[in-house]
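A structural walkthrough
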Amino acid sequence: MKALVVTDLDGSLLDSRDYSFEPARRVLDDLAQRGIPLVACSSKTCAEMRAVLAEMGLGAPFAAENGGGVFFPATEPWRRVLESLEARPAFIEERDDLLLVRRGPRYRDILEAMDRLRAQGFALRGFADMSAEEVAARTGLSVPAARLARRREFDECFVVDSPTQPDDSALEQAVRALGYRLTRGSLLHLLGHQDKGQAFRLLHTACERFFGTALRTIALGDGYNDLPMLLAADTAVLIPPPNGEPDPDLARALASHPHAITASAPGPAGWADALSAWLGP
């Protein structure tokens with residue numbers, strides 16, 4: 001049976017400190033030689049992902065901003081695949097050489113929700129409030145990469161900009177009351193009801209239609225925002241953080257998965273080891 005690899009980027013295929021994927025290059029080449037598609041599902045923006053994937057020699061399909069936008073090549077075969085889906089996406093938009101399946105709310109609506117949360121007393125500072133230089137300082141991205149990270153469309157990255165940390169449950173309750181959700185990657189994200197699991201299922205179904213065969217799946221990720229994607233895959237790989245100790249709550253959440261493993265090392269080195277073992281000789 002052919003395979004489909006779906007992966008998070010930051011902290012998984014990309015090192016969380018320097019954003020390098022060099023330790024995984026050999027396995028990326030192996031996937032290409034075997035003809036196994038690799039699909040990225042990240043909290044990064046479309047603009048960020050296109051730059052990173054081009055450096056890796058990859059392209060669409062991919063999912064951006066925690067599943068808020070799922071992008072496919074704007075070719076007739078992919079267009080026919082999307083049109084053939086039984087549960088047709090609510091929005092399919094033309095985006096230059098891409099087809100966008102919109103799952104998340106409009107960015108302007110998310111920013112309005114941020115303003116309403118601030119009016120309730122929550123001191124929140126999002127990427128829309130920061131310069132590219134500040135985003136770079138907070139994330140470790142280069143300033144040009146931070147400019148791409150600020151080009152958000154489907155969710156908002158933010159920090160709590162207060163010396164007194166608010167009660168997490170109070171913030172979550174206020175967010176839910178507005179009809180939104182919180183998730184956590186390297187930063188907090190305010191988003192709609194999309195998640196990486198929904199994006200994974202759309203990508204899986206579309207790829208099976210495109211390749212005309214069943215695809216066994218493996219998903220690799222390191223954070224809570226990856227959990228829906230990991231639970232939806234045949235095999236789930238949890239990438240540990242730089243200290244080597246996965247979050248115990250996240251590990252417990254994956255305990256019910258029949259084929260969940262923890263990678264042997266953080267970042268792209270652990271990513272490569274786990275995927276190489278899964279692929280076999």
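First, a word on scope: everything that follows refers to the structure included in this document. All values reported here derive from a predicted model rather than from experimental measurement.

1. Quick word on the overall build of the protein
Across its full length, the protein holds 11 helices and 13 strands. Taking 2.2 N^0.38 as the reference for a compact globule, 281 residues should give roughly 19 Å; the C-alpha atoms of the protein span a radius of gyration of 18 Å, in line with that estimate. For the protein, with 281 residues in total, the buried portion stands at 51%. Counted over contacts in the protein with a minimum sequence separation of 6, partners at least 24 positions apart contribute 65%. When the accessible surface of the protein is split by element, carbon and sulfur atoms take 49% of a total near 12600 Å².

2. Quick notes on the pairing of strand 11 (residues 215–221)
Most of strand 11 sits inside the fold, with six of its seven residues counted as buried. Of the pairings in the sheet, the one linking strand 1 (residues 2–7) to strand 11 comprises six bridges and is parallel in character. The partner of Thr-7 across the bridge, within strand 11, is Leu-220. Each parallel crossover has a hand, and for strand 11 linked through helix 9 (residues 227–232) to strand 12 (residues 235–238) it is right-handed.

3. Description of helix 7 (residues 168–177)
Listing the buried residues of helix 7 in full gives Leu-171, Ala-174 and Val-175. The buried residues of helix 7 occupy an angular sector of 100 degrees when projected down its axis, which confines them to one face. Seen from the buried face of helix 7, the exposed residues on the opposite side, beyond 90 degrees, are Gln-173, Arg-176 and Ala-177. Residues of helix 7 that are buried in the fold lie against helix 4 (107–119), strand 7 (124–126), strand 8 (155–160), strand 9 (181–184) and strand 10 (188–191). Two residues or fewer past helix 7, Gly-179 is found with a positive phi of approximately 85 degrees.

4. As for helix 2 (residues 46–56)
Buried within helix 2 are the following residues: Cys-46, Ala-47, Glu-48, Met-49, Val-52, Leu-53 and Met-56. On the buried face of helix 2, the contacting elements are helix 1 (25–34), strand 2 (38–41), strand 3 (62–64), strand 4 (69–73), strand 6 (98–102) and helix 6 (143–149). At the exit of helix 2 stands Gly-57, carrying a positive phi of roughly 80 degrees.

About the cut-offs
Residues numbered from 1 in each chain as written. Predicted model: local features only at pLDDT ≥ 70, side-chain atom pairs only at ≥ 80, totals over all residues. Heavy atoms only, no water. Helix = DSSP H or I, 4+ residues; strand = E, 2+ residues; numbered from the N terminus. Rg over C-alpha atoms; globule rule 2.2 N^0.38 Å. Buried < 20%, exposed > 50% of the residue type's maximum accessible area, 1.4 Å probe, protein only. Contact = heavy atoms within 4.5 Å. Areas by Shrake-Rupley, 256 points an atom, 1.4 Å probe, with all protein chains shown as cover. Pairing = 2+ DSSP bridges. Right-handed = clockwise from strand over helix to strand, strands pointing away. Arc of directions from axis to C-beta.

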